[in-house]
Amino acid sequence: MDDVSLRWFLGTWILDPASCDYQVGVPPQSGRYRLSLHNDGVWFAIDWVDADGQSHQIGFSMKPDGERHPVASEAGQEMSLTVVDDWTLDSAIWRGATRIHYARRVVNADTQRMQVTQIFLTAEGEEATNIAAYQRQDT
């Protein structure tokens, strides 16, 4: 794995709730997004406190090869992670032939902010977009 192309993403990111733009739902009160190298993939550890004060966390590892890989998840059946360039990291989740979730992470030029744009299907089958902004906690 070429960790040079991932270097700007690795580390801990803190959510800036005031900078979020959600089409569906309410942005979390707080959140932390941690990315690190793990075996031949990238480990994602994400925790947040939702608008109602409930704590949540998820963690998963994905190989950044752009290929769809089977996953055991309620969210979908396959996932992919693609390094677009040094500043852009994409992921997608599929259920059968349908892409149900797409996320694009973009780190800004000074490497201190990351925007995560999520495009997903709602329960009604409509496409929606939520945008979250994060500030680097460490380097």
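A. The arrangement of the overall build of the protein chain in detail. Looking only at helices and strands, the protein chain has zero helices and eleven strands in total. In the protein chain, the succession of helices and strands from N to C terminus is β-β-β-β-β-β-β-β-β-β-β. By the compact-globule yardstick of 14 Å for 139 residues, the protein chain fits well, its C-alpha radius of gyration being 15 Å. Along the three orthogonal principal directions, the C-alpha set of the protein chain runs to about 40 × 35 × 25 Å. Counting only residues that meet the buried cut, the protein chain has 37% of its 139 residues in that class.

B. Up close: the packing of aromatic side chains. Tallied over the full model, the rule gives four aromatic pairs. On the numbers, 6.4 Å between centres and 75 degrees between planes, the contact of Tyr33 with Phe44 is edge-to-face. Taken together, the positions of Tyr33 in strand β3 (residues 30–38) and Phe44 in strand β4 (residues 41–49) put the pair eleven residues apart, joining distant regions of the chain. Of the two residues, Tyr33 and Phe44, both sit in the buried class. For the ring pair Phe44 and Phe60, a centre distance of 4.8 Å and an interplane angle of 10 degrees mean the geometry is stacked. Residue Phe44 is found in strand β4, and its partner Phe60 is found in strand β5 (residues 55–62); the two are separated by 16 residues along the sequence.

C. Examining the environment of Gln115 more closely. Looking at where Gln115 falls in the secondary structure, it is placed in strand β10 (residues 113–121). For Gln115, a relative accessible area of 40% translates into the label partly exposed. Through-space distance from the C-alpha of Gln115 to that of Ile46 is 15 Å; in sequence the pair is 69 residues apart. Side chain to side chain, Gln115 and Thr117 meet in a polar contact 3.3 Å long.

D. How the structure looks around the pairing of strand β7 (residues 78–85). Judged from the two bridges that link them, strand β6 (residues 69–70) and β7 form a sheet pairing that is antiparallel. Within β7, the residue paired with His69 across the bridge is Met79. Judged from the seven bridges that link them, β7 and strand β8 (residues 88–95) form a sheet pairing that is antiparallel. Looking at β8, one finds that Val83 is bridged to Leu89.

E. Quick peek at the nonpolar core. If you look at the biggest cluster of nonpolar residues, it comprises 21 residues, and the most contacted ones within it are Trp13, Tyr33, Leu35, Phe44, Leu89, Met114 and Tyr134. Mapped by element, the contributors of at least two residues to this core are β1 (11–15), β3, β4, β7, β8, β9 (98–107), β10 and β11 (127–136). Top contributing element to this core by residue count: β4, with three residues. If we skip the residues at most four places from it in the chain, Met114 touches Phe9, Trp13, Tyr33, Arg105, Val106, Val107, Ala132, Ala133 and Tyr134.

F. Looking closely at the environment of His56. Relative to the elements of secondary structure, His56 occurs in strand β5. With relative accessibility at 31%, the residue His56 sits in the partly exposed group. Linking His56 and Leu35, residues 21 residues apart in sequence, is a C-alpha distance of 17 Å. Residue contacts for His56: discarding those within four places in its chain leaves Ile46, Asp47, Trp48 and Asp50. Polar side-chain contacts of His56 include one of 2.8 Å to the side chain of Asp50.

Rules behind the numbers
- Residues numbered from 1 in each chain as written.
- Predicted model: local features only at pLDDT ≥ 70, side-chain atom pairs only at ≥ 80, totals over all residues.
- Heavy atoms only, no water.
- Helix = DSSP H or I, 4+ residues; strand = E, 2+ residues; numbered from the N terminus.
- Rg over C-alpha atoms; globule rule 2.2 N^0.38 Å.
- Buried < 20%, exposed > 50% of the residue type's maximum accessible area, 1.4 Å probe, protein only.
- Phe/Tyr/Trp six-rings, centres within 6.5 Å; stacked < 30°, edge-to-face > 60°.
- Polar contact = N/O pair within 3.5 Å; in protein donor to acceptor, adjacent residues only side chain to side chain.
- Pairing = 2+ DSSP bridges.
- Core = buried A, V, L, I, M, F, W, Y, C linked by side-chain atoms within 4.5 Å.
- Contact = heavy atoms within 4.5 Å.

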